[in-house]
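# Results of the structural survey
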Amino acid sequence: MKKLLVIAIMAVTAVAANAQKYALIDMEYILKNIPAYERANEQLAQVSKRWQAEVEALGTEASTMYKNYQNEVVFLSQEQKQAKQDAIMQKEKEAADLKKKYFGPEGELFKKRESLMSPIQDEIYNAVKEVSELRGYQLVLDRASDNGIIFASPKIDISNEVLSKLGY
């Protein structure tokens, strides 16, 4: 009796699985074909480069202060040594704090990326949702981010349809 019940459940599951429709998208391909995404990446690269230069400038300044300190250490009193060491440590701390402010997990670069990329991602999501609802897909996978997909038929890839829905 239990075997019959298990076989019945497996049969119902197989029928239900066959009734579902799946599709794939290639998010990398979609993003490469959206000019706003490329512009956003360029903006992020420029901002990142500028901020990195600021951080490096403070680091270089701290390094220069340390080299000067090493050259003068024999001529300094204990109080002067301590003052110079404190100044060097303060400069290094400023550089580390600035780096964290710009590049930390909740830093300015993260916020900038979020503000530039969220509208694009939302637009893509809405287009995928519209295409999925129109064509009756219950599941859409991203082949670019899922390493678990070994083979997928190009027939179920709706990337071009999503781009068309976005106007590209």
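Refer to the structure printed above.
Residues numbered from 1 in each chain as written. Predicted model: local features only at pLDDT ≥ 70, side-chain atom pairs only at ≥ 80, totals over all residues. Heavy atoms only, no water.

Within the secondary structure layout, Glu-130 lies in helix α5 (residues 108–135). The class of Glu-130 is partly exposed, set by a relative accessible area of 41%. Between the C-alpha atom of Glu-130 and that of Val-162, which follows or precedes it by 32 residues, the distance is 8.7 Å. (Helix = DSSP H or I, 4+ residues; strand = E, 2+ residues; numbered from the N terminus. Buried < 20%, exposed > 50% of the residue type's maximum accessible area, 1.4 Å probe, protein only.)

All right, on to the side chain of Ser-132 then. Within the secondary structure layout, Ser-132 lies in helix α5. By relative accessible area, Ser-132 is classed as buried at 9%.

Moving on: the packing of helix α3 (residues 35–72) against helix α4 (residues 78–103). Where α3 meets α4, the axes come as close as 9 Å, and the angle between the chain directions of the two elements is 165°. When the axes of α3 and α4 are compared, the pair comes out roughly antiparallel. Where α3 crosses over α4, the two elements pack in a sense that is left-handed. Looking at the contact of α3 with α4 residue by residue, the classes come out as 13 nonpolar, four polar and nine charged. (Axes fitted to C-alpha atoms, helices over the stretch in contact; angles between N-to-C directions. Parallel < 35°, antiparallel > 145°, perpendicular 65-115°, else oblique. Left-handed = near helix turned anticlockwise from the far one by under 90°. Nonpolar A, V, L, I, M, F, W, Y, C, P; charged D, E, K, R; others polar.)

Turning next to the pattern of salt bridges. Here the structure, examined in full by the defined rule, presents seven salt bridges. One salt bridge in this structure joins Glu-61 and Lys-91, with 3.0 Å as the shortest N-O distance. Of this pair, Glu-61 sits in helix α3 while Lys-91 sits in helix α4; the two residues are 30 residues apart in sequence, bridging distant segments of the chain. Of the charged contacts in the structure, one is a salt bridge between Glu-130 and Lys-165, with a shortest N-O distance of 3.3 Å. Placement of the pair is Glu-130 in helix α5 and Lys-165 in helix α6 (residues 159–166), with a sequence separation of 35 residues. Overlapping salt bridges bring together Glu-61, Lys-91 and Glu-94 as one network. (Salt bridge = Lys/Arg side-chain N within 4 Å of Asp/Glu carboxyl O.)

This part covers the packing of aromatic side chains. This model, assessed by the stated rule, comprises two aromatic pairs. Residues Trp-51 and Tyr-102 carry aromatic rings whose centres are separated by 4.5 Å and whose planes lie at 5° to one another, so their mutual orientation is stacked. A residue pair is termed long-range when its members are at least 10 positions apart, and Trp-51 in helix α3 and Tyr-102 in helix α4 qualify at 51 residues. For the residue pair Trp-51 and Tyr-102, the accessibility class agrees, reading buried in each case. Ring pairing ties together the aromatic residues Trp-51, Tyr-102 and Phe-103, which thus form one cluster. (Phe/Tyr/Trp six-rings, centres within 6.5 Å; stacked < 30°, edge-to-face > 60°.)

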